[in-house]
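If you want the building blocks of each chain, they are given just below.
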Amino acid sequence: MAKDQQKSPVAPTAARPAWARGWLLTGVVLLLLLGGWQLWARSLVLEMVLKPNLSPEEGLRVENFSEEGLKGTRSGAPSAQGAELSLQQPHSSQKAIGFLIAPRPGSYFFRLEADDYGALHLDGLPVVQLGGTSSHNQGEGGVYLGAGPHLLELELDNTQGRGWLHLTMREPGAGDFAPIPGSRLHRLDLGNAERWLAWLRGSRHHLPWLLAGLTGLLLGLAALRGRESAPGPATTLAVMLAAAVVFTVFFQDHVAASLARQVFRDEHQFIASAVVWGRQDAWPYLDFPYFHVPYLIPVYWLLFSQGPNLLEGARIMNAVAGGLAGGALFFAALREFSRRGTPWLGLLLATGLACLYWGSPLFRFTSGLAWNHDISILLALLAFLIHWRVGREGLAAGWLAASGALLGLAACVRLTMAPLGLPFLLLVLCSGEPWRVRLRGCLSFLGGALAPCLPLLIILASHPEATWFGNLEYPGLHSAYKGGVSLGDKLVFLWRAIILPPAFAGGLSGLLKVPVTLLTLLLTLPGLALAWRGGDQRLRRIMFALGCSLLALAASLAPNPPFPQYFLAPVPFLLLALIPAWTILDDRLGSWRAWRVAGAVGAMAAVWFGLLTPGQPPCLDEIPTPELFHQLGLALANQLPDPGCKVLSLTPIPILEGGAAIYPELVSEPFCWRITYLVSPERRPRLHILGPEELSGLSPPPAAILTGYESEKYEAPLEEYARSLGYQARALPGGGRLWLP
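Residues numbered from 1 in each chain as written. Predicted model: local features only at pLDDT ≥ 70, side-chain atom pairs only at ≥ 80, totals over all residues. Heavy atoms only, no water.

(A) Just the packing of aromatic side chains, in detail. Scanning all chains against the criterion turns up 14 aromatic pairs. With a centroid separation of 5.1 Å and an interplanar angle of 90°, the aromatic rings of Phe 330 and Phe 331 are classed as edge-to-face. Its relative accessible area of 40% is what places Phe 331 among the partly exposed residues. With centroids separated by 5.5 Å and ring planes inclined at 65°, the aromatic side chains of Phe 384 and Phe 573 adopt a geometry described as edge-to-face. Of this pair, Phe 384 sits in helix H11 (residues 373-393) while Phe 573 sits in helix H21 (residues 570-576), and the two are 189 residues apart along the sequence. For Phe 384, a relative accessible area of 0% corresponds to the buried category. (Phe/Tyr/Trp six-rings, centres within 6.5 Å; stacked < 30°, edge-to-face > 60°. Buried < 20%, exposed > 50% of the residue type's maximum accessible area, 1.4 Å probe, protein only. Helix = DSSP H or I, 4+ residues; strand = E, 2+ residues; numbered from the N terminus.)

(B) The arrangement of the environment of Tyr 474 in detail. With respect to the secondary-structure elements, Tyr 474 resides in helix H16 (residues 464-482). Residue classification places Tyr 474 among the buried positions, given a relative accessible area of 8%. Sequence-wise, Tyr 474 and Val 679 are 205 residues apart; in three dimensions their C-alpha atoms are separated by 10.0 Å. Setting aside its immediate chain neighbours within four residues, Tyr 474 contacts Phe 291, Phe 469, Phe 671 and Ile 675. (Contact = heavy atoms within 4.5 Å.)

(C) Spatial organisation of the sheet that holds strand E18 (residues 737-740). Taken in spatial order, the five strands of this open sheet run E15-E14-E16-E18-E17, and their pairing is mixed. Only two strands of the sheet have a single partner each, and these edge strands are strand E15 (661-662) and strand E17 (728-731). Bridge count between strand E16 (residues 704-707) and E18: three bridges; the pairing is antiparallel. Across the sheet, Thr 707 pairs through a bridge with Arg 737, a residue of E18. Helix H27 (residues 712-724) contacts strand E14 (646-649), E16 and E18 of the sheet and is inclined by roughly 145° relative to E16. (Pairing = 2+ DSSP bridges. Axes fitted to C-alpha atoms, helices over the stretch in contact; angles between N-to-C directions.)

(D) Quick peek at the pairing of E14. Pairing of E14 with E15, which is carried by two bridges, proceeds in the parallel orientation. Bridge assignment links Lys 646 to a residue of E15, and that residue is Ala 661. Pairing analysis gives three bridges linking E14 to E16, with the strands arranged parallel. Counterpart to Ser 649 in the pairing with E16 is Leu 706.

(E) The layout of surface pockets, seen in detail. In this structure, the second largest pocket encloses a volume near 1200 Å³. Along the walls of the second largest pocket sit 46 residues, with Asp 266, Gln 269, Phe 563, Tyr 566 and Phe 671 positioned nearest its centre. Ranked by the residues each element gives to the lining of the second largest pocket, the list is headed by H16, at seven residues. Of the residues contributing to the lining of the second largest pocket, the split by class is 24 nonpolar, 15 polar and seven charged. (1 Å grid on protein atoms, 1.4 Å probe; cavity = no way out; pocket = protein on both sides within 12 Å on 5 of 7 lines; lining within 4 Å. Points joined across faces, edges and corners; volume = space filled by probe spheres on them. Nonpolar A, V, L, I, M, F, W, Y, C, P; charged D, E, K, R; others polar.)

(F) Region of interest: the pattern of salt bridges. In this structure the tally under the stated criterion is 16 salt bridges. Between Arg 541 and Glu 336 there is a salt bridge, with its nearest N and O atoms 3.7 Å apart. Highlighted residues: Arg 541 in helix H20 (residues 538-556) and Glu 336 in helix H8 (residues 310-339), separated in sequence by 205 residues. Since its relative accessible area comes to 5%, Glu 336 is described here as buried. Each of the salt bridges in this network shares a partner with another, and the network as a whole consists of Glu 465, Glu 473, Arg 683 and Arg 686. (Salt bridge = Lys/Arg side-chain N within 4 Å of Asp/Glu carboxyl O.)

(G) Examining the nonpolar core more closely. Judged by nonpolar contacts, the single largest core of 112 residues is most densely connected at Ile 271, Tyr 357, Phe 384, Leu 420, Phe 424 and Leu 576. Element by element, the count of residues in this core is highest for H8, at eleven residues. With residues near it in sequence (within four places) discarded, Phe 384 still touches Phe 424, Phe 544, Ala 545, Cys 548, Phe 573 and Leu 576. Counting residues in hydrophobic clusters, the runner-up holds 26 residues, among them Leu 60, Leu 112, Ala 114 and Leu 165. (Core = buried A, V, L, I, M, F, W, Y, C linked by side-chain atoms within 4.5 Å.)

(H) Examining a nonpolar patch on the surface more closely. Among the surface-exposed residues, Leu 422, Leu 426, Leu 429 and Trp 435 lie close enough to one another that they form a single nonpolar patch of about 420 Å² accessible area. Note on placement: Leu 426 falls in helix H13 (residues 421-429). (Patch = residues over 30% accessible without salt bridge, like charges linked within 9 Å, V, L, I, M, F, W, Y side chains within 5 Å. Areas by Shrake-Rupley, 256 points an atom, 1.4 Å probe, with all protein chains shown as cover.)

(I) A look at the environment of Asn 64. Relative to the helices and strands, Asn 64 resides in strand E2 (residues 60-67). For the pair Asn 64 and Ser 86, spaced 22 residues apart in sequence, the C-alpha to C-alpha distance is 10.0 Å. Among the polar contacts made by the side chain of Asn 64, one reaches the side chain of Gln 94 at a distance of 2.5 Å. (Polar contact = N/O pair within 3.5 Å; in protein donor to acceptor, adjacent residues only side chain to side chain.)

(J) How the structure looks around unusual backbone geometry. One non-glycine residue with positive phi stands out, namely Tyr 285, at about 70°. Its location among the elements puts Tyr 285 in the loop between helix H6 (267-279) and helix H7 (296-304). Of the residues examined, Tyr 285 reaches a relative accessible area of 1% and is grouped as buried. A positive phi angle is found at His 688, which is not glycine, with a value near 60°. Structurally, His 688 can be placed in the loop between helix H26 (684-687) and E16.

Quick look at the structure:
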């Protein structure tokens, strides 16, 4: 049987000074601590240091500074009873510190007005920042807050004349911004608060500890001679505990960030299709048009039956799936390097690999929303790792069938995963086994891949026109609606928006992460060259990963027009190609201590910039977040004549959150609504399409009509129809309107 890699002779373990392990462990702990500071150590400072010093006295503690930028002579000022600051002298600044008491969890929106510069921070994170020497600067920001106290900081910089700052807030379910009541603001009684606030912000006080951690890492690795012995139980347990810390840090941040993001238009059809299937017994293609493979519908409905908040539950599931995809990268790298007798270096490299994925702007933009990207990528990655193992240990029919089944499920969740079957089959055909074994392996893989597709084939046979329209014909109509984008334009979009993404890069970490990522990926090239030149069997594994990444990229370019979320799928396979490339380089350069030092430092740089990459900001405009949609749904239920009545709308989620029913034909809105003019009137009944021309034929008319949360050009026919029925509009939070008889 062909082996996947050629073992190089392992030198006997040499004696190592005791201080080497101490420095190595100290460096790893310090760097992981600093890399995760923004995610979990901040919580420790807030909960154990700052919040215990919350004063029952209402108001904020105010400090004046004689220079701009909170510099110069500092002097205390009386407490501010509300969220307002005022300065009479030019070239001065002022800061107010205290706690904002959130009465209930949800998305809170803030409007900051100032003359000249102003800033609002909550729990050490920026929410609104104003710039410019104007007499009236204004900005808004939103953030998801749990119930209880949250550290609030206001800053005012005045350059000329009189300066002032005014903060208002819109609570969950409120209709407009209002001044913050004095009872919601409380002082912080802590003498050395500035030192803790500096740590909370991640200021220059981190630099000595960062240098100490790097020094410890370098000294520890440089002192190690020869390869480490096989890891014992204590080492394995320590590595697993460190891995658990990494996962805890990530999941806490990622789930919270996904719940605070605005509602995307694409999420409606995934939520609504599952709810109408479970509540109204309406089936995709049979009762309503659906533009995806319908395998997630029962999964989402099973999830919704466990809790009342539909969108939040779906987002949590996708955020967990996205995290597990990075975890698959982590454990693949950790297992590879632990087998080579380098568990701690393997931990660093595996953590760096996972953080390159978790911290990538594409992941932060795509993961955690209620659609089909996270789950399909996770299934494809699991299929890849099983197939990878088969490729190195022999063509076991059971494992090949398992990898085929997982890839088939991935394609049945998102159709663009289907082309990945080609490199899977090529790996079996190029395995070096006898042809009879290879043929049996291909049949096992294909049988496993086709098994989960049988329900889809049955649906296609029973409803061919509607299934064909939803999965293959609709993309062409959508391209015609958008005007079409050429392949050259798609490649330009790929370069400008994905490879060098200024729109998604987050601050300094985003700018620095681009060269860090590129330099790390360049390590694949020398590994590939060495494997090709030396006939190394690991060449097949590198080519398998690169082939999957290339085909996933080609499938990402198929939709028209392209959107950033389509291009996340190639990223994990490209990162997986680094694992065999690194092992090849380690075999050739393992005796060179600087190689491992450089690899460890590069991995920690990936951790640093990956974990500190901010997620997508919470909603900064009038588009509601999941919590606001849930609150809106509960408010709608109280205004409807019958809790289970049908409501007409292009935004079905808030209606379903409140327990009301929708028209199944409008599940996939506004995507179907805006291309109805491209479908002939004769075909619309067969495809269950409801367009503006069909509104007058609704019988009985809807009990209510919801507008205000979609584009005005899409909702204009709905409002015209409501007026023709004599319905009156009632204002809702976020600019919505509920039309009732």
